[in-house]
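Residues per chain are reported as follows:
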Amino acid sequence: MKKLFSHLYFQVLVAIFLGILAGWLFPGIAGTGKLISEMFINLIRMLIAPIIFFTIVLGIARMGDMKKVGRVGGKALLYFEIVTTLAIVIGLVVANWLKPGHGVPLVNGNTAAVHKIEKAAGDMNWTEFLLHIIPSNVVDAFAKGDIIQVLVFAVLFGYALSKMKAAGSGLLHTFDRLAQVLFNILKLIMRLAPVGAFGGMAYTIGTFGAAALMPLVNLMLCVYLTMFVFIFGVLGIISRVYGFSLWRYLKFISNEILLVLGTSSSESALPGMMERLEELGCSRSVVGLVIPTGYSFNLDGTSIYLSMAVIFLAQVNHIDLTLAQELTIIGILVITSKGAAGITGSGFIVLASTLTVIRVIPIESLAILIGVDRFMSEARAITNLIGNGVATIVVAKSEKEFDDEKYQAAIKRQLA
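This report concerns the structure included in the present document. (Residues numbered from 1 in each chain as written. Predicted model: local features only at pLDDT ≥ 70, side-chain atom pairs only at ≥ 80, totals over all residues. Heavy atoms only, no water.)

Before going further, it helps to spend a moment on the overall build of the protein chain. Across its full length, the protein chain carries 21 helices and zero strands. Counting across all 416 residues of the protein chain, residues that qualify as buried make up 54%. Accessible surface for the protein chain amounts to roughly 18900 Å². Of this, 66% is attributable to carbon and sulfur atoms. (Helix = DSSP H or I, 4+ residues; strand = E, 2+ residues; numbered from the N terminus. Buried < 20%, exposed > 50% of the residue type's maximum accessible area, 1.4 Å probe, protein only. Areas by Shrake-Rupley, 256 points an atom, 1.4 Å probe, with all protein chains shown as cover.)

Put into structure tokens, the structure is as follows:
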């Protein structure tokens, strides 16, 4: 029993339960819960940029072959595009089949919030997005924790360091030690994960309450069911094809999954996921390239939710979409989900821009989703997290950058 209590996943589970209970019985705790949760997430965020930088630089400098780096990046982006598109299609199919929007009354909601989202969607500029990928100021990129910009600078730095050969070995050794220090800080912060999970759940339940769930319970059930099918169906098949156990992988990252469940933020688990995937046998270079890129371009859970939300709103408005319109939705979501990467509240912005483009569903109906969106953010974040881990293993195996002996040893330790 003492061993069970010492496990982080058990402590986080208990904290989540206590957070739900506290938010339900004492709604006034929501403000304190939000403060606690955001403080914990900020502790994690302060490590994300430097960990990504050192991991990528060390991986590329030791790999030495930029053609291989390009091949890894190309394979990752191709994988992301195929699987994300498949997630969108699955979301549309399930929403059309189960019809979660039928019988849901269209009530007036927070129209001010909708207008704000609509304005943000209208401000999306593809030229600015493409320019944003390349940092104009490296210090600013690190200060803001902009994953994509840090990734670009790290790739260039790693390439330049690899060209120094033996002359760069001293700097490489220093970076390796600095990376170890950062991961030691991460281990220290992770001891506070139960506190962060408690705060996140207390805030969610205390702010929105169980009553907000009832009108849209069918949509929630459909979204959670679809993500379950996607993980154990699509990702399960991919795992089997590439010769690893999805179930063992999920057990291995259980701490990270529970952390995301408690905080509703996949960012909180990013540094931990990078460390866990290295322990699982993926090379540092592949982990450093695939995971940060996936956090912006491989949003499986978000894609499922967005496609289902569009169909749901059409059903609420009693609008029958044609096959051509639904194919248009797939095309729009494939593109816009990338364009809004890294933007706060990007899910609603992408949804608003999609509704604006197809001009069939009233954008005002977005108000019906605002109150319940928070309760589905955990499912989206967890699916995104799991999907990015699977993508990393797939790319590592395809590049022969996966250590099977290390994988077997990690699984044995986990089962012990």
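Still more to cover.
Next up on the list: the side chain of Glu-399. Position of Glu-399 among the secondary structure elements: in the loop between helix 20 (373-398) and helix 21 (404-415). Side-chain polar atoms of Glu-399 contact the side chain of Lys-75, separated by 2.8 Å. Ignoring any residue separated from it by four or fewer positions in sequence, one finds Glu-399 in contact with Lys-68, Arg-71, Val-72 and Lys-75. (Polar contact = N/O pair within 3.5 Å; in protein donor to acceptor, adjacent residues only side chain to side chain. Contact = heavy atoms within 4.5 Å.)

This structure, assessed with the given rule, holds 10 salt bridges. A salt bridge links Arg-71 to Glu-399; its shortest N-O distance comes to 3.0 Å. Linking Arg-71 in helix 4 (residues 66-98) with Glu-399 in the loop between helix 20 and helix 21, this pair joins segments that are 328 residues apart in sequence. Note that Lys-144 is salt-bridged to Asp-140, the shortest N-O span being 3.4 Å. Pair noted here: Lys-144 and Asp-140 are both in helix 7 (residues 138-144), with a separation of four residues, about one helical turn. (Salt bridge = Lys/Arg side-chain N within 4 Å of Asp/Glu carboxyl O.)

The next point concerns the side chain of Thr-302. Residue placement: Thr-302 occurs in helix 16 (residues 300-316). Its relative accessible area of 14% is what places Thr-302 among the buried residues. Sequence-distant contacts of Thr-302, that is, excluding residues within four places in its chain, are made with Arg-380 and Asn-384.

Before going further, it helps to spend a moment on the packing of helix 3 (residues 30-63) against helix 8 (residues 147-162). Where helix 3 contacts helix 8, the axes come no closer than 8 Å and their chain directions differ by 30 degrees. In terms of axis orientation, helix 3 runs roughly parallel to helix 8. Remark: the crossing between helix 3 and helix 8 carries right-handed chirality. Note on element contacts: helix 8 touches helix 3 through Ile-147, Val-150, Leu-151, Phe-153, Ala-154, Val-155, Phe-157, Gly-158, Tyr-159, Leu-161 and Ser-162, opposite Ile-48, Ala-49, Ile-52, Phe-53, Ile-56, Val-57, Ile-60 and Ala-61. Along the lines of polarity and charge, the residues of the contact of helix 3 with helix 8 split into 17 nonpolar, two polar and no charged. (Axes fitted to C-alpha atoms, helices over the stretch in contact; angles between N-to-C directions. Parallel < 35°, antiparallel > 145°, perpendicular 65-115°, else oblique. Left-handed = near helix turned anticlockwise from the far one by under 90°. Nonpolar A, V, L, I, M, F, W, Y, C, P; charged D, E, K, R; others polar.)

Another point: helix 8. Taking 1.5 Å of rise per residue, the 16 residues of helix 8 would be expected to cover 22 Å, and the 22 Å separating its terminal C-alpha atoms lies within 8% of that figure. Every buried residue of helix 8 is listed here: Ile-147, Ile-148, Gln-149, Val-150, Leu-151, Ala-154, Val-155, Gly-158, Leu-161 and Ser-162. (Expected span 1.5 Å × (residues − 1).)

Within the secondary structure, Met-220 is located in helix 11 (residues 217-241). Sequence-wise, Met-220 and Met-376 are 156 residues apart; in three dimensions their C-alpha atoms are separated by 6.7 Å.

A few words now on a nonpolar patch on the surface. Judged by side-chain polarity, Val-14, Phe-17, Leu-18, Leu-21, Trp-24, Leu-25 and Phe-26 come together as a nonpolar surface patch covering roughly 730 Å² of accessible area. In this structure, Val-14 sits in helix 2 (residues 8-25). Owing to a relative accessible area of 35%, Val-14 belongs among the partly exposed residues under this scheme. (Patch = residues over 30% accessible without salt bridge, like charges linked within 9 Å, V, L, I, M, F, W, Y side chains within 5 Å.)

Right, let's talk about the packing of aromatic side chains for a bit. Tallied over the full model, the rule gives 13 aromatic pairs. For the pair Phe-228 and Phe-232, a centre-to-centre distance of 4.7 Å together with 45 degrees between the ring planes defines the contact as tilted. With a gap of four residues between them, Phe-228 and Phe-232 both fall in helix 11, about one helical turn apart. For the cation-ring pair, Arg-276 lies above Phe-252, with the distance from its terminal atom to the ring centre recorded as 4.1 Å. For the cation-ring pair, Arg-380 lies above Tyr-305, with the distance from its terminal atom to the ring centre recorded as 4.4 Å. (Phe/Tyr/Trp six-rings, centres within 6.5 Å; stacked < 30°, edge-to-face > 60°. Lys NZ or Arg CZ within 6 Å of the ring centre and 35° of its normal.)

Before going further, it helps to examine the nonpolar core. Generally speaking, soluble globular proteins have nonpolar side chains that are buried together. In this structure, Tyr-79, Leu-235, Tyr-249, Leu-369, Ile-386 and Val-390 are the most contacted members of the largest nonpolar core, which totals 130 residues. No other element matches the 15 residues that helix 3 contributes to this core. Not counting residues within four places of it along the chain, the set of residues in contact with Tyr-249 comprises Met-273, Leu-277, Leu-280, Leu-385, Ile-386, Gly-389, Val-390 and Ile-393. (Core = buried A, V, L, I, M, F, W, Y, C linked by side-chain atoms within 4.5 Å.)

To continue, consider the environment of Leu-369. Positionally, Leu-369 belongs in helix 19 (residues 367-370). Remark: the alpha-carbon pair of Leu-369 and Phe-312, spanning 57 residues in sequence, is separated by 9.9 Å.

The subject of this paragraph is the packing of helix 4 against helix 20. Contact geometry for helix 4 and helix 20: axes closest at 10 Å, N-to-C directions at 135 degrees. One finds that helix 4 runs oblique with respect to helix 20. Considering the relative orientation of helix 4 and helix 20, their crossing is right-handed. Here Val-72, Lys-75, Ala-76, Tyr-79 and Phe-80 of helix 4 lie close against helix 20, whose contacting residues are Gly-387, Asn-388, Val-390, Ala-391, Val-394, Val-395 and Ser-398. Per-class residue counts for the contact of helix 4 with helix 20 are eight nonpolar, three polar and one charged.

With that out of the way, let us pick up unusual backbone geometry. The backbone of Lys-99 shows a phi angle near 50 degrees, a positive value even though the residue is not glycine. Relative to the helices and strands, Lys-99 is located in the loop between helix 4 and helix 5 (111-122). Not every positive phi belongs to a glycine, and Lys-400 is a case in point at roughly 55 degrees. Among the secondary structure elements, Lys-400 is positioned in the loop between helix 20 and helix 21.

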